[in-house]
Amino acid sequence: MTPERTLVLTGASRGIGHATVKRFSAEGWRVLTCSRHPFDPRCPWPGGEENHIQIDLADPNKTIAAIETIKAKVNGRLDALVNNAGISPKGADGGRLNTLDTDLRIWGQVFHVNFFAPVILARGLQAELVAAKGSVVNVTSIAGARVHPFAGAAYATSKAALAALTREMAHDFGPLGVRVNAIAPGEVETAILSPGTDRIVETLPMRRLGQPAEVADVIWFLCSPQSSYVSGTEIEVNGGQHV
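For every chain, the first residue of the written sequence is number 1, and numbering continues from 1 along that sequence. Note on the predicted model: pLDDT of at least 70 is required for a residue's local features to be given, and 80 or more for side-chain atom pairs to be given and counted; whole-chain, interface and lining totals, by contrast, use all residues. As a convention, hydrogens and water are excluded, and side-chain values are obtained from all of the structure's heavy atoms.

As annotated in an unreviewed UniProt entry, the protein chain carries the name SDR family oxidoreductase and is attributed to Szabonella alba. UniProt positions are given in the numbering used here, feature names are shortened, and annotations may be inferred rather than shown by experiment. Its UniProt record, at the heading Sequence similarities (unreviewed entry), says of the protein chain: "Belongs to the short-chain dehydrogenases/reductases (SDR) family."

Asks: Help me understand helix 1 (residues 15-26), please; the structure alone is not making it clear to me.
Replies: Given 3.6 residues per helical turn, the α-helix brings residues three or four places apart onto the same face. The helix count covers DSSP runs of H or I at least four residues long, the strand count covers runs of E at least two residues long, and both are numbered beginning at the N terminus. Take the residue count of a helix, subtract one, and multiply by 1.5 Å to get its expected span. The end-to-end C-alpha distance of helix 1, which contains twelve residues, comes to 17 Å, matching closely the 16 Å that a straight helix rising 1.5 Å per residue would cover. Taken together, the buried positions of helix 1 are occupied by Ile 16, Gly 17, Ala 19, Thr 20, Val 21, Phe 24 and Ser 25. Here, two residues are considered to be in contact whenever any of their heavy atoms come within 4.5 Å of each other. Looking at the buried side of helix 1, the elements it contacts are strand 1 (6-10), strand 2 (30-35), strand 6 (179-185) and helix 7 (212-223). Type-normalised accessible area, obtained with a 1.4 Å probe on protein chains alone, sets the label of each residue: buried when under 20%, exposed when over 50%, and partly exposed for intermediate values.

Asks: Quick question: what am I supposed to make of the sheet that holds strand 5 (residues 135-139) here?
Replies: Two strands pair under a simple rule: DSSP has to find at least two bridges between them. As summarised here, the arrangement of the seven strands in space is 3-2-1-4-5-6-7, forming an open sheet in which the pairing is parallel. Edge positions in the sheet fall to strand 3 (52-54) and strand 7 (234-237), since each has one partner strand and no second. Averaged over all pairs of adjacent strands, the angle between strand axes in this sheet comes to 15°, irrespective of strand direction. Looking at chain direction, strand 4 (residues 80-83) and strand 5 are connected through four bridges and run parallel. Directly across from Ala 80, in strand 5, lies its bridge partner Ser 135. Axis geometry follows a simple rule: fit a line to the C-alpha atoms, using only the stretch in contact for helices, then measure angles between N-to-C directions, giving values from 0 to 180 degrees. Where helix 1 meets the sheet, its contacts fall on strand 1, strand 2 and strand 6, and the angle it forms with strand 1 comes to roughly 175°.

Put into C-alpha cells, the structure is as follows:
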C-alpha cells in the first residue's frame, strides 16, 4: 500500500500558496501549511488547523524551533517541501525600495524569510525528505534575473540568491535521492500586485497576467514522478516576459 504523500508548504495563506494547497489536496496529498498567520477556518481543505504551523520565518530562532514541530507532524517521511513564503517591503509611499535607501534591518528581514528559511527547513527536514526520496521546490521570482519596476532591491537579490541556492542544494541533496528545483513566477494575478502592472502586461507576448493555479501546476509537476530526472533547474512561469 502506497503511504499518503505529504507536502510542507510555506506562505500558504494567499495567492500562489493558496492555489498550491488546492492542487495538492485535489491529488490526495496531506498538506502541512506554514504561515505567520494563524489558521483561517474559512480555508476549505482537509486537515485544517491540525495541519497548520504558525511560524514567523523572519525570526531564525523561531524557524529553527519549528522544525521539531514539523518533524512530529510528518511521521518520518516528507515527499515535498515547497518554499513559497516571500516578503517584498515597500517604501512609505508604496514605492520601490532601492539599494540606496533600504534599511539594513529590512535587508536582514527579507533575507531571513526569502533565503535563509528555505535552506534551514530543507536541512532540518533532510532525513524525512531522504526517506521519501522527496522533492524541494524554491519559489524565486522574475525579479531575481533583472531589475523590476516594483520589486525592491532586497527582494530581488534574495530571489537571485535563492536561485543560486537551488543549484547548490541540488548538488548536495542529489546523492541522497532528493531533487531540488525552483520556479520563477512573473506577473501573477494575486492580491499583492503593484499599481501599474497593467502596463507590463501590455508588453507580454501572452498579453495577460498569469493565474496562481498555473503556477501551482508547475510546482505540482516538479514534485511528481513526471519530473523524476529534473533537478537543479529554475523554470520561468512568466508568459514569455523575457524573450
